[in-house]
Amino acid sequence: DSGVTQTPKHLITATGQRVTLRCSPRSGDLSVYWYQQSLDQGLQFLIQYYNGEERAKGNILERFSAQQFPDLHSELNLSSLELGDSALYFCASSPYLLGGGYTFGSGTRLTVV
Amino acid sequence: AQTVTQSQPEMSVQEAETVTLSCTYDTSESDYYLFWYKQPPSRQMILVIRQEAYKQQNATENRFSVNFQKAAKSFSLKISDSQLGDAAMYFCARAPDMRFGAGTRLTVKP
């Protein structure tokens, strides 16, 4: 157990639907990062939050949004889902704004049918 | 875009032998971090080793060590005494923007 909790572990939904992925960072970590990993692909950085504020944005689609709450958990919202959104979505946390070590959760596997 | 490049999509090593995985990067930052992550078939991302750019000494973690060449922007991972459990995808990553390379799939032959 890495200390980073992602729920749900698996999610199957239909095209056009909206889903919310949840991440609870490791205790004491202020930074939360979201990544998308499509089948046999590398990790695409989506977005970073630090202590409730958005700090960096990567290749995140406009249909996707995220937020970090006062208790530091984060949610990634995916809407108008397409088949191509099927992927493993990782959350990672870090104590720091920049640098340091990143601890990953076990991911949420999203399947869009 | 500033990139992280892993030029070896696949590598193979005999058990107990040594293998080196390559990574090059570019950055305009003066202070940054570099990482190697392992992703076994379980898909869990596991931090293998971390290097702080301002430190000239190469990081070492048991059988894993890096060769950090700052001027050349090179950050290779050496795995000594390879074990069957080392078989995985290995990703090189750079902070602060946490961009990952495309990965190298390592096979360990018994």
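Scroll up for the structure.
As the structure is a computational prediction, the values presented were derived from the model and not from experiment. (Residues numbered from 1 in each chain as written. Chains lettered and ligands numbered in written order. Predicted model: local features only at pLDDT ≥ 70, side-chain atom pairs only at ≥ 80, totals over all residues. Heavy atoms only, no water.)

> Report on the overall build of chain B, specifying residues and quantitative values.
Of the regular secondary structure elements, chain B holds zero helices and 12 strands. Secondary structure of chain B in N-to-C order comes out as β-β-β-β-β-β-β-β-β-β-β-β. Against the globule reference of 13 Å for 110 residues, chain B gives a C-alpha radius of gyration of 13 Å, in line with a compact fold. If you line up chain B on its principal axes, its C-alpha atoms span 40 × 25 × 20 Å. (Helix = DSSP H or I, 4+ residues; strand = E, 2+ residues; numbered from the N terminus. Rg over C-alpha atoms; globule rule 2.2 N^0.38 Å.)

> Hey, could you go over the interface of chain A and chain B for me, with residue numbers and the actual values?
Often the size quoted for an interface is simply the accessible area lost on bringing the parts together. In this complex, chain A contributes 21 residues to the contact, which on the side of chain B involves 17 residues. Where chain A packs against chain B, one counts zero salt bridges. Put simply, chain A and chain B have four residue pairs in polar contact (both at pLDDT 80 or more) between them. Broken down by element, the side of chain A that touches chain B gets its largest block of residues, three residues, from strand S4 (residues 31-37) of chain A. Each residue belonging to the side of chain A that touches chain B can be placed in one class, and the counts come to nine nonpolar, 10 polar and two charged. (Contact = heavy atoms within 4.5 Å. Salt bridge = Lys/Arg side-chain N within 4 Å of Asp/Glu carboxyl O. Polar contact = N/O pair within 3.5 Å; in protein donor to acceptor, adjacent residues only side chain to side chain. Nonpolar A, V, L, I, M, F, W, Y, C, P; charged D, E, K, R; others polar.)

> Talk me through the pattern of salt bridges; I want residue IDs and the actual numbers.
Applying the stated criterion to the full structure yields eight salt bridges over all chains. Close ionic contact of Asp86(B) with Arg63(B) constitutes a salt bridge, the shortest N to O distance being 2.8 Å. Of this pair, Asp86(B) sits in the loop between strand S9 (74-79) and strand S10 (88-95) while Arg63(B) sits in the loop between strand S7 (60-61) and strand S8 (64-69), and the two are 23 residues apart along the sequence. Judged by its relative accessible area of 2%, Asp86(B) is buried. Through salt bridges with shared partners, one network takes in Arg63(A), Glu82(A) and Asp85(A). (Buried < 20%, exposed > 50% of the residue type's maximum accessible area, 1.4 Å probe, protein only.)

> Give a detailed account of the pairing of S10(B), specifying residues and quantitative values.
All names here are of chain B. Most of S10 sits out of view: eight of its eight residues are buried. Where strand S5 (residues 33-39) meets S10, seven bridges bridge the pair, whose relative direction is antiparallel. Directly across from Tyr 33, in S10, lies its bridge partner Ala 95. With three bridges connecting them, S10 and strand S12 (residues 104-109) associate as antiparallel partners. Its bridge partner being in S12, Met 89 is matched across the sheet by Arg 105. Examined bridge by bridge, S10 and strand S11 (residues 99-100) share two bridges and lie antiparallel to one another. Each bridged residue has a counterpart across the sheet, and for Arg 94 the counterpart in S11 is Arg 99. (Pairing = 2+ DSSP bridges.)

> Run through the state of the cysteines, naming residues and quoting values.
Under the counting rule described, the total for this entry stands at two disulfides over all chains. For Cys23(A), the disulfide goes to Cys91(A), at an S-S distance of 1.8 Å. Every disulfide takes its handedness from the sign of the S-S torsion; for Cys23(A) and Cys91(A) that torsion is -45 degrees, giving left-handed. With Cys23(A) in strand S3 (residues 19-24) and Cys91(A) in strand S9 (residues 87-94), this pair connects stretches of sequence that are 68 residues apart. Under the relative-accessibility criterion, Cys23(A) is labelled buried at 0%. Here Cys23(B) engages in a disulfide with Cys92(B); their sulfurs sit 2.0 Å apart. As the torsion about the S-S bond is roughly -70 degrees, the Cys23(B)-Cys92(B) disulfide counts as left-handed. Of the two residues, Cys23(B) sits in the loop between strand S3 (19-21) and strand S4 (24-25) while Cys92(B) sits in strand S10, which places them 69 residues apart along the sequence. Comparing Cys23(B) with Cys92(B), the two get one shared label, buried. (Disulfide = S-S within 2.5 Å.)

> Can you lay out the layout of surface pockets for me, pointing to particular residues and giving the numbers?
Empty space within the largest pocket amounts to approximately 250 Å³. In terms of lining, the largest pocket is formed by 18 residues, of which the most central are Leu43(A), Gln44(A), Phe45(A), Arg99(B) and Phe100(B). Looking at the lining of the largest pocket, the elements with two or more residues in it are strand S5 (43-50) and strand S6 (53-57) of chain A together with strand S1 (4-5) and S11 of chain B. The dominant element in the lining of the largest pocket, judged by the number of residues it contributes, is S5(A), at three residues. A breakdown of the residues in the lining of the largest pocket according to their chemical character gives eight nonpolar, seven polar and three charged. Estimates place the volume of the second largest pocket at around 190 Å³. Lining the second largest pocket, in full, are Gln37(A), Asp40(A), Gln41(A), Gln39(B), Pro40(B), Pro41(B), Arg43(B), Ala87(B), Ala88(B), Met89(B), Arg105(B) and Leu106(B). (1 Å grid on protein atoms, 1.4 Å probe; cavity = no way out; pocket = protein on both sides within 12 Å on 5 of 7 lines; lining within 4 Å. Points joined across faces, edges and corners; volume = space filled by probe spheres on them.)

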